[in-house]
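# Chain and residue survey
The lines below spell out each chain.
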Amino acid sequence: MISAASEKTAAAREPGSAALLFVRRVVKQFGRRPVLRGVSLDVAPGEFLTILGESGSGKTTLLRLVAGFEQLDGGEIWMAGERLDTVPSHRRPVNTVFQSYALFPHLSVFENVAYGLRAKKTAKQEIPERVSQALAMVKMGEFAQSAPARLSGGQQQRVALARALVNRPQVLLLDEPLSALDANLRRQMQVELKTLQREVGITFIFVTHDQEEAMALSDRVALLREGRLEQIAEPREIYGRPETAYAAQFIGQTNLLDAEVRDGIANAGAIVWSCFEHPGKAVFSLRPESIRLAPAGLAADSLDVSTARFRGRILNQTFGGAMDLLEIECKNSQRLRARIASPGPLSGELDFEFSPKDAIRVRAGEED
Amino acid sequence: MKSAANGGRARWLSAYAILVYAFLYLPIIVLVVYSFNRSGVGGFPPAGWTLDWYTQLLSDGPLWDSVLNSLIVALIAVAISLALGLPAALALDRADFPGKAAFRRLVLLPLILPGIITGLSLLTLFVGVHMKLSLVTITLGHGTALISVATTEIFAGLQKLDRAQEEASLDLGANQWRTFWRVTLPNLKVSLVAAGLLIFTLSLDEIAVSFFLIGRDNTLPLEIWSRLRRGITPEINAISTLILLFSIATILVWYRLRARSERAEEAGASLLASTLEGGQA
Amino acid sequence: MYSRAYKASVAIPPVLWVTLFLLVPYAILFCYSFWSVSSGTIVHDWNFQNYVQLVRNPIYLSVLFKSMRIAAMVMLLALILGYPLAYYLSFHAARRKDFLYQLVIIPLWASYLVRGYAWKTILGSEGVLNGFLQYLHITHRPVEFFLYSPFAVVLTLTHIYTPFTFLPIYASLEHVPRNLVEASHDLGASPWATFRRVILPLSLPGVLAGATFAFVLTLGDFLAPLLVGGASGIMISNIVVSLFGAAYNWPLGAAISLCMLLLVVGLLFATERLERRLTLS
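Residues numbered from 1 in each chain as written. Chains lettered and ligands numbered in written order. Predicted model: local features only at pLDDT ≥ 70, side-chain atom pairs only at ≥ 80, totals over all residues.

### Comments concerning the confidence of the model for chain B
Residue and element names in this part refer to chain B. In the predicted model, chain B carries a mean pLDDT of 82, and the fraction of residues at 70 or more is 88%. No element of chain B has a lower mean pLDDT than helix H13 (residues 234-280), at 67, and none a higher one than helix H3 (residues 61-94), at 92. Predicted confidence is poor over residues 1-5, with pLDDT under 50, and the contacts of this stretch with residues over four places away or in other chains come to seven contacts. Per-residue pLDDT stays below 50 along residues 268-281; that stretch engages in zero contacts with residues further than four places along the chain or on separate chains. (pLDDT = per-residue confidence, 0-100. Helix = DSSP H or I, 4+ residues; strand = E, 2+ residues; numbered from the N terminus. Contact = placed C-beta atoms within 7 Å.)

Written as structure tokens, this is what we have:
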């Protein structure tokens, strides 16, 4: 279930602008295995939406349902006011960039890019110009007569992109297009993709399992887990205000604290902080970078509304360039991770502090 | 990749497919049905059921002699083909020698050329060395012609072989021969058996080459052939049905063997993969 | 990794055998074509007489052309039957694919002779087909031309070689990556356009191989004409057989065989180059 906040961001952001793509309670099974269990989301025109999830989360299946390569078992998909899921894939105004690029080996680069134009019976005079425009956009202009087999992975991917974009689809679907590239090339392509999307203004729906990639590229991120939508929000929000323990852990690193909230205080054993949430048991997410070294001279375990303090023993310190990763053990064997900027070598028992507002209450487990 | 639009086409295609299957199986069904037909071959509809033709078959001495001949020829042909096909496959896989490309094509020729050419050529050879035509010449013919089947099958098996196993064996101190017997050969077991089955079946049915190399004793196909020249008898339907059943059984076994070896490979590969993953987690 | 002794011992035996039992016989046949026959014995007088005779005497050329026409027809029919079947299995059969594939292979192993004989019983004037037509009162007399005609030869050989044609076509269709089909649909091409522009071109190597099989094997076939061809269904290989038999003119027979061999090898060469050009473009 999506919270009210997510429901709002799931709909169009700006008042008056209609969402372009509506996905409503989509269900899909493969044999007896359910893959999507009722996913709903809206995609705004011109937005870069990433569907993020582990393998098995259903993200690729959702993409393929929009493309038309699979049939829905339940729910509906609408685009621009018309029902989409009943239309066969070759008549949908969407185009796909495949993970394996799927370039036609028996056609040249030019013919690959021209394929969609020819299929739609575009005027013959128009084709060469549109193809060279598309190839120029992805910086592959000089390879027009090459055979796809002779191109490197990165080059093939650009051609696949051009082949999709030349058809001016309303929505471009990208199925983990960068996963086969090495790290440097991947980063470079991420930047190029983002820039391209802004230039062209087409809605991109991007599927990946790499949360850093999702954070870097997207206007919004939709996190899928086991066939359900866990949370959908802008990157900053999904990072800063994860709604569930899963979201908190999947995106970035975090510490999960089981605490009891009573009389304005959250008590997680070795760590306490002022908290005005509903009383009762709760799980909190505290990001490692929210923890700082406490200035010397203050009493340990002292408590005020704006700071929470605790004492812990350094188990491990890993140098990380700008920030070190510390593994801390507190008095009841509770372990935490902290990221601290250039602290120099540390050891023994030290005092740490954090702001209570950085402890985000999250839902845990299978509550639905 | 199905959609509502595809359904119509699929229906036409499956109807067409059924027609093609019907064409392929019509003669076979007719054969089998009429082997039980009281009034023998021909006419429609079949008159009545009888096992007479089968019982007649049982007491047909010369026919069973030819069956025995065929079996002996087939077994020896399997031996020859495997005994030569195995080193041929190894040579093609691992050795470089002058004329290797020519050798590869030469070995494949009997498979591609019409059998009549291979049969005639061997005939001229045997005549040239004044060798009498007999089951021996037929066996030599089969063995030679079917080497390519063995070579192809075993070569494919060699491709799937993990070279590292042989390297490990050498590393541990075994010499080349020991490695061959204890590592290479066991890994080729499936290919050898599959090839053997295939060659056996092909030899049993072989006519084109045998036609020219035949001496006094007939193989089964040639025995049936000579009877066909004299006239049709329903007995032939009966023996044909039996041959059919036997061939089907053999080929199904061959097919299962192939499938199992491929699944075993996949199982082995996925086992390896999960072990590696487990190690990393 | 392999010692010279190893490489020598795997290469030498098969090379020796194949040289003795394949290369030498083909060479002897080659030599025969330049000899001649006089008063019942073969004279080694080295001339081109046989080849001249082949070109001069119209009967040989006409039979050769008839054989090629029959081969072309069988090839076409086998493609018409085999391709849609292969397509259906590869793209529409899903779970039953394996079973249906085995169903196609089984007739292949049902023995050539058995199947030829079955058609003989079906097509004869007392046969099943005539009986069936008369039973339905569609005809009142047996139709003669079903059997002992080129029609019967084409029908029988199409039946026999369609599975041969099916196999490589099916293999190449299976190799067409499914994501290419999806990509084609994604880009707006209808299923028919996708077939025409993606699937068909990529399956051409298999089509070529299958067509070549059917053509070459039919051209060299002599059994079907003998079984069901009658006088009007004679093919070039039958002439060769009689020259090596009753007509006793081995040199002439060898010359015709060699021509057939050259034709076949030339065809294979041409298709190989065509295939290489197709897959590279």
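Additional details are given in the paragraphs that follow.
### What to know about the confidence of the model for chain C
Interpreting fine coordinate detail is not advised for predicted regions of low pLDDT. Residues and elements named next belong to chain C. Mean pLDDT for chain C: 87, with 99% of residues reaching 70 or above. Here strand E2 (residues 41-43) stands out as the element of chain C with the lowest mean pLDDT, 76, in contrast to helix H8 (residues 178-186), whose mean of 94 is the highest. Among the prediction metrics, the complex's ipTM stands at 0.85, with pTM recorded as 0.81.

### Digging into the sheet that holds strand E3 (residues 48-52) of chain A
Residue and element names in this part refer to chain A. The strand order across the open sheet formed by six strands is E6-E7-E8-E3-E9-E10, and the pairing between neighbours is mixed. With partners counted over all chains shown, the strands left at the sheet margins are strand E6 (94-97) and strand E10 (228-233), one partner each. With strand direction ignored, the average angle separating the axes of adjacent strands in the sheet is 20°. Sheet topology places strand E9 (residues 220-225) next to E10; five bridges connect them, and they run antiparallel. Considered in E10, the bridge of Val-221 is made with Ala-233. (Pairing = 2+ DSSP bridges. Axes fitted to C-alpha atoms, helices over the stretch in contact; angles between N-to-C directions.)

### A word on the nonpolar core
Core analysis: the largest hydrophobic core is formed by 149 residues, its most contacted members being Val-74, Ala-86, Ala-152, Ala-214 and Val-228 of chain C. The biggest single contributor to this core is helix H3 (residues 58-92) of chain C, with 15 residues. The residues that make up this core include at least three from each of domain 1 (13-50) and domain 2 (61-264) of chain B. Not counting residues up to four positions away in its chain, the partners in contact with Val-74 of chain C are Val-154, Leu-157, Thr-158, Tyr-161, Ala-214 and Thr-218 of chain C. Within the second largest apolar cluster, 98 residues are counted, among which are Leu-52, Val-171, Ala-233 and Phe-352 of chain A. (Core = buried A, V, L, I, M, F, W, Y, C linked by C-beta atoms within 7 Å. Buried ≥ 20, exposed ≤ 12 C-beta atoms within 10 Å, placed from the backbone. Domains from an automatic or database assignment.)

### Things to note about the environment of Leu-13 of chain B
As for its position among the elements, Leu-13 of chain B is in helix H1 (residues 4-34). A tally of 19 C-beta atoms within 10 Å means that Leu-13 of chain B is categorised as partly exposed. Each C-alpha atom, one on Leu-13 of chain B and one on Ala-101 of chain B, is 43 Å from the other, the two residues being 88 residues apart in sequence. Setting aside residues no more than four positions away along its own chain, Leu-13 of chain B makes contact with Pro-84, Tyr-87, Tyr-88 and His-92 of chain C.

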